[in-house]
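Commentary on secondary and tertiary structure
Here's the letter readout for the chains.
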Amino acid sequence: DILPTVPTEPITNFINDLEFNVLKISNMKTVNRSMLANPNVKGMLGVIRYGEGTYDANGYRRLFGGQLFNSYADHPRVSVTKIVNGKPLKSTAAGAYQFLSSTWDETAQALGLTDFSPANQDFAALGRVAARGALDDVLKGNLTLAFRKLSKEWASLPFSPYGQPVINLSRARDIFAANGGVS
């Protein structure tokens, strides 16, 4: 008997999608604040901020849509609606890494964070990098792999599946290097 052949491409794509769609909250426990001094961590955090539109002095205070909030006591929890491509888009994203309030709550609990200060936003972003399984890639300068994993967390990064505007890979590499990263 001759058995029909099964195409491997969709299976390969499915496995790749699984590999790049990791979210393991327990990985956040592997990070510590001293890692924020690592040049590649600094480089990646700079890329994320650039992509999220918070790469300026007020980035840590920016709400989705561009307005600023005044207190770092907690995530501001302000829901903003913007018209994007003719459709309303509603979000609670805030801060340098545009954390949704639910993402912040999950991350703050995992890392024991008590406020939304710039230092805690940086540490939380590092925690999310670890949760997405990208920390080793970042530390080793494996940017393509790191961006593939992190694009599920930050829609502005190369390879994002969300259909929002993204920074291209070449620009992301340049920003990474400009922030001290080495690949």
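Quick note: structure is the one above.
Attention here is on the structure that accompanies the text. No experiment lies behind these values; they were computed from the predicted model shown. (Residues numbered from 1 in each chain as written. Predicted model: local features only at pLDDT ≥ 70, side-chain atom pairs only at ≥ 80, totals over all residues. Heavy atoms only, no water.)

Topic: the overall build of the protein
Secondary structure summary: the protein contains seven helices and two strands in total. Of the regular secondary structure in the protein, the N- to C-terminal order runs α-α-β-β-α-α-α-α-α. Counting across all 183 residues of the protein, residues that qualify as buried make up 43%. In the protein, of all internal contacts separated by at least 6 residues, the share reaching a separation of at least 24 is 59%. (Helix = DSSP H or I, 4+ residues; strand = E, 2+ residues; numbered from the N terminus. Buried < 20%, exposed > 50% of the residue type's maximum accessible area, 1.4 Å probe, protein only. Contact = heavy atoms within 4.5 Å.)

Regarding the pattern of salt bridges
Inspection of every chain in the model, using the stated rule, returns seven salt bridges. Between Glu-106 and Arg-128 there is a salt bridge; the shortest N-O distance is 2.7 Å. Here Arg-128 lies in helix H4 (residues 118-131) and Glu-106 lies in helix H3 (residues 101-111), a separation of 22 residues in the sequence. Connected through shared salt-bridge partners, Glu-106, Arg-128, Arg-132 and Glu-153 make up one network. (Salt bridge = Lys/Arg side-chain N within 4 Å of Asp/Glu carboxyl O.)

Quick notes on the nonpolar core
Counting 42 residues, the largest nonpolar core has Met-44, Val-47 and Tyr-97 as its most contacted members. Listed by contribution, the elements that provide at least two residues to this core are helix H2 (39-52), H3, H4, helix H5 (135-140), helix H6 (143-150) and helix H7 (169-178). Counting residues per element, this core draws most heavily on H4, which supplies seven residues. Residue contacts for Met-44: discarding those within four places in its chain leaves Val-138, Leu-143, Ala-146, Phe-147, Leu-150 and Phe-176. (Core = buried A, V, L, I, M, F, W, Y, C linked by side-chain atoms within 4.5 Å.)

Some points on the packing of H2 against H4
Any two packed helices are characterised by the angle at which their axes cross and by the distance between the axes. Between H2 and H4, the shortest axis-to-axis distance is 11 Å and the interhelical angle comes to 100°. Between H2 and H4, the interaxial angle falls into the category roughly perpendicular. The residues of H4 that touch H2, namely those facing Val-41, Leu-45 and Ile-48, are Asp-122, Ala-125, Leu-126 and Val-129. Looking at side-chain class alone, the contact of H2 with H4 contains six nonpolar, no polar and one charged residues. (Axes fitted to C-alpha atoms, helices over the stretch in contact; angles between N-to-C directions. Parallel < 35°, antiparallel > 145°, perpendicular 65-115°, else oblique. Nonpolar A, V, L, I, M, F, W, Y, C, P; charged D, E, K, R; others polar.)

A short note on H6
Along an α-helix, residues three or four positions apart point the same way, because every turn accommodates 3.6 residues. What H6 keeps buried is the set Leu-143, Ala-146, Phe-147, Lys-149 and Leu-150. Within H6, the buried residues cover an arc of 165° as seen down the axis, which keeps them to one side. Lining the buried residues of H6 we find H2, H4, H5 and H7. (Arc of directions from axis to C-beta.)

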